[in-house]
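One letter stands for each residue in the lines below.
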Amino acid sequence: MTTEKRRVPAGAAVLRGEITTAIRRAVMQELAAVGYGRLSIEAVARRAGVGKTAIYRRWSSKLELVLEVVSAVAGKSLPLPDTGTLQGDLEMLYMIMAHALRHPLASQIIPDLLAEAARNPQIAQTLEEALRLNQRTVGGLLIGRAVERGELPAGADPDTAIDFIVGPLYWRLAIARLPLDPSDLPRMAATVAGALRVACEPSIRDEPDVQLSTQP
């Protein structure tokens, strides 16, 4: 039995990977420079050093182009080595997040896309889906490790925990855009780790009713 190498049909467009990569990089740079509203296919093509047809072979519109590129970036998995403790894992996560959020491209693109998402349901849905998938992966990993170590109870909910984990740093850098001192990350990790232990404690149920005696 022989196998034949599959050939591209005559006349079919061959999408070169390096061109696709150049276009994606150009989209991020244009978003940082001018924002979604002023971004144009012409400017992206010029920055990428390609013709407009190269973009339209891959994406049918500016919206589709931006959504695909931003979704891929937002959904990238984070390398999270096991430090041995929940607090250590949180500090490592915060270091990685802080580095990403303070990147010149991210610091310009994120506020603009959040504003655009308020006006465009498609952008809002794409961002939500990409970020939520990433957060669930991170939450499942961090909380799963903590449960295995006995730092958190088995019923700890990763979905609820990850909102609490990423919220403080995201608010600080992406929304309020406040400066971050080197000592802030360890302190934030310690605070969130402690709060998670309290929040994940099983609720006290079926407590015996206290009968108040009417006799002296």
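Above this text is the structure in question.
In what follows, the accompanying structure is described. (Residues numbered from 1 in each chain as written. Predicted model: local features only at pLDDT ≥ 70, side-chain atom pairs only at ≥ 80, totals over all residues. Heavy atoms only, no water.)

For the chain, the count of helices and strands is nine helices and zero strands. Each helix (α) and strand (β) of the chain, taken in turn from the N terminus, gives the series α-α-α-α-α-α-α-α-α. Sequence separation of at least 24 residues holds for 66% of the intrachain contacts in the chain that already meet a minimum separation of 6. Accessible surface computed for the chain: about 13700 Å², of which carbon and sulfur atoms make up 55%. (Helix = DSSP H or I, 4+ residues; strand = E, 2+ residues; numbered from the N terminus. Contact = heavy atoms within 4.5 Å. Areas by Shrake-Rupley, 256 points an atom, 1.4 Å probe, with all protein chains shown as cover.)

The next point concerns the nonpolar core. Ile-23, Val-27, Leu-31, Val-44, Val-50, Ile-55 and Leu-65 are the most contacted members of the largest nonpolar core, which totals 29 residues. Elements represented by at least two residues in this core include exactly α1 (17-38), α2 (41-48), α3 (52-56), α4 (62-74), α6 (104-117) and α7 (121-149). Of the residues forming this core, the biggest block, nine residues, is contributed by α1. Sequence-distant contacts of Ile-23, that is, excluding residues within four places in its chain, are made with Val-44, Ala-48, Val-50, Ala-54, Ile-55, Arg-58, Trp-59 and Leu-65. (Core = buried A, V, L, I, M, F, W, Y, C linked by side-chain atoms within 4.5 Å. Buried < 20%, exposed > 50% of the residue type's maximum accessible area, 1.4 Å probe, protein only.)

Inspection of every chain in the model, using the stated rule, returns 13 salt bridges. Between Arg-119 and Glu-116 there is a salt bridge; the shortest N-O distance is 2.8 Å. Residue Arg-119 is classed as exposed on the basis of its relative accessible area, which comes to 57%. Here Arg-136 makes a salt bridge to Asp-159, at a shortest N to O gap of 3.7 Å. Taken together, the residues Arg-136 in helix α7 and Asp-159 in helix α8 (residues 158-175) connect sequence positions 23 residues apart. (Salt bridge = Lys/Arg side-chain N within 4 Å of Asp/Glu carboxyl O.)

Aromatic ring pairs are reported here in terms of the distance separating the ring centres and the angle at which the planes meet. Per the stated rule, a full pass over the model turns up zero aromatic pairs. Its end group placed over the ring of Tyr-36, Lys-62 keeps NZ or CZ at 4.3 Å from the ring centre. (Phe/Tyr/Trp six-rings, centres within 6.5 Å; stacked < 30°, edge-to-face > 60°. Lys NZ or Arg CZ within 6 Å of the ring centre and 35° of its normal.)

On to helix α9 (residues 184-199), then. Relative to the 22 Å expected for 16 residues at 1.5 Å per residue, α9 spans 22 Å between its end C-alpha atoms, a close match to the ideal helical length. Inspection of α9 places Asp-184, Leu-185, Met-188, Ala-189, Val-192, Ala-193 and Leu-196 among the buried residues, and these make up the whole buried set. Projection of α9 onto a plane perpendicular to its axis shows the buried side chains occupying an angular sector of 155°, all on one side. In α9, those exposed residues whose orientation departs by more than 90 degrees from the buried face are Thr-191 and Val-198. Next to the buried residues of α9 lie α5 (86-101) and α8. (Expected span 1.5 Å × (residues − 1). Arc of directions from axis to C-beta.)

Everything listed here is a matter of geometry and, on its own, says nothing about what the molecule does.
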